[in-house]
Amino acid sequence: MKLKVGEWLVKYVNKTLGEGDETTIVYPPPIAKTLGFDLVEIGQAAATIEMQLDPAAHANPMGTIHGGVLCDIADAAIGTAHATTLQENESFTSVDLRINFFRPLWKERVRATAKAVQLGKTISYYTCDVTRPDGKLVATVTSSVMTLRGDKSAGR
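Bear in mind that the values here come from a model prediction, so they are computed numbers and not experimental data.

Trainee: Would you mind going over the overall build of the protein chain in detail, with residue names and values included?
Mentor: From N to C terminus, the protein chain includes four helices and six strands. Taken from the N to the C terminus, the helices and strands of the protein chain come in the order α-α-β-β-α-α-β-β-β-β. Over its C-alpha trace the protein chain gives a radius of gyration of 16 Å, about what one expects of a compact globule, namely 15 Å for 156 residues. Overall, the protein chain is about 45 × 35 × 25 Å in size when its C-alpha atoms are taken along their principal axes. When each of the 156 residues of the protein chain is scored for burial, the buried share is 43%. Sequence separation of at least 24 residues holds for 59% of the intrachain contacts in the protein chain that already meet a minimum separation of 6. For the protein chain, the centre of its 17 positive side-chain charges and the centre of its 17 negative side-chain charges are spaced 4 Å apart.

Here it is in structure tokens:
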């Protein structure tokens with residue numbers, strides 16, 4: 001059965017997908033498999049992704065976790081959150097992404113929690129906090145996302 005993206009993601013997180021349940025997106029995306037992150041919570045215009053960081057796979061030249069990895073999980077959380085708002089024949093693309101880093105990371109688990117600040121018909125604005133298990137803020141990310149409709153969403 002073809003489900004709206006948001007409905008499919010809820011079933012995915014709750015591990016209740018049926019044999020014929022499908023949607024218009026590929027989940028988990030290949031980047032999730034490459035980096036090793038997991039969607040753990042989903043809501044309307046909200047998503048949380050967790051990841052176990054390992055300097056052996058994710059470090060920069062200084063030995064701490066590369067900032068691009070944090071951008072990636074935040075971007076994925078924001079995109080997944082926005083995917084819950086999509087209707088049939090809609091897709092989206094990021095317009096911008098800004099990250100502020102507050103502390104370095106090594107071998108730890110992080111949580112990227114994204115939520116909409118403003119949902120617009122075409123442009124929406126999101127924030128995403130990346131935190132450690134102790135709740136300390138590692139980075140804050142903001143992003144504008146554009147919803148694409150009809151022909152503009154084809155092939156995306």
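Okay, back to it.
Trainee: Would you mind going over the sheet that holds strand β2 (residues 46-52) in detail, with residue names and values included?
Mentor: Overall, antiparallel pairing links the six strands, which are arranged β1-β2-β4-β5-β6-β3 in an open sheet. At either margin of the open sheet sits one strand with a lone partner, and together these are β1 (37-43) and β3 (90-101). Across this sheet, the average inter-strand angle for adjacent strands is 20°, counted without regard to direction. Relative to the sheet, helix α4 (residues 67-83) contacts β1, β2, β3, β4 (109-118), β5 (123-131) and β6 (137-149), its axis offset from that of β3 by approximately 140°.

Trainee: Please set out α4 residue by residue, giving values where relevant.
Mentor: Residues spaced three or four apart along an α-helix point in a common direction, a consequence of the helix completing one turn every 3.6 residues. Over its 17 residues, α4 extends 24 Å from the first C-alpha to the last, a length consistent with the 24 Å expected when each residue adds 1.5 Å. The buried count for α4 comes to 14 of 17 residues, which makes it a mostly enclosed element.

Trainee: Any chance you could break down the pairing of β5 for me, citing the residues and the numbers?
Mentor: Relative to β5, β4 runs antiparallel, the two being bridged by seven bridges. Among the inter-strand pairings, alanine 116 is bridged to a residue of β5, identified as tyrosine 126. Connecting β4 to the next strand, β5, in antiparallel fashion are four residues. Counted between consecutive antiparallel strands, the loop separating β5 from β6 contains five residues, among which glycine 135 sits at a positive phi close to 90°.

Trainee: I'd like a description of the pattern of salt bridges, backed by residues and values.
Mentor: Using the criterion set out here, one finds seven salt bridges in the structure. With its nearest N and O atoms 2.2 Å apart, the salt bridge here joins arginine 111 to glutamate 50. Placement of the pair is arginine 111 in strand β4 and glutamate 50 in strand β2, with a sequence separation of 61 residues. Of the residues examined, glutamate 50 reaches a relative accessible area of 16% and is grouped as buried. What you see here is one network of salt bridges that share partners, running through Glu41, Glu50, Arg109 and Arg111.

Trainee: Let's hear about the packing of aromatic side chains: which residues, and what values?
Mentor: With the rule as written, the count across this model stands at two aromatic pairs. Here the aromatic rings of tryptophan 8 and tyrosine 12 are separated by 5.5 Å at their centres, their planes lie at 15°, and the arrangement is stacked. Here the residue tryptophan 8 and the residue tyrosine 12 both occupy positions in helix α1 (residues 5-13), the gap between them amounting to four residues, near one helical turn. Under the relative-accessibility criterion, tryptophan 8 is labelled buried at 8%. Relative to tyrosine 27, the ring of tyrosine 12 has its centre 5.4 Å away and its plane inclined at 75°; by these criteria the two rings are edge-to-face. Of the two residues, tyrosine 12 sits in helix α1 while tyrosine 27 sits in the loop between α1 and α2 (30-35), which places them 15 residues apart along the sequence. Owing to a relative accessible area of 26%, tyrosine 12 belongs among the partly exposed residues under this scheme.

Criteria and thresholds
- Residues numbered from 1 in each chain as written.
- Predicted model: local features only at pLDDT ≥ 70, side-chain atom pairs only at ≥ 80, totals over all residues.
- Heavy atoms only, no water.
- Helix = DSSP H or I, 4+ residues; strand = E, 2+ residues; numbered from the N terminus.
- Rg over C-alpha atoms; globule rule 2.2 N^0.38 Å.
- Buried < 20%, exposed > 50% of the residue type's maximum accessible area, 1.4 Å probe, protein only.
- Contact = heavy atoms within 4.5 Å.
- Lys, Arg positive; Asp, Glu negative; His and termini not counted.
- Charge placed at Lys NZ, Arg CZ, Asp CG, Glu CD.
- Pairing = 2+ DSSP bridges.
- Axes fitted to C-alpha atoms, helices over the stretch in contact; angles between N-to-C directions.
- Expected span 1.5 Å × (residues − 1).
- Salt bridge = Lys/Arg side-chain N within 4 Å of Asp/Glu carboxyl O.
- Phe/Tyr/Trp six-rings, centres within 6.5 Å; stacked < 30°, edge-to-face > 60°.

Function cannot be read off these values alone, since they describe shape.
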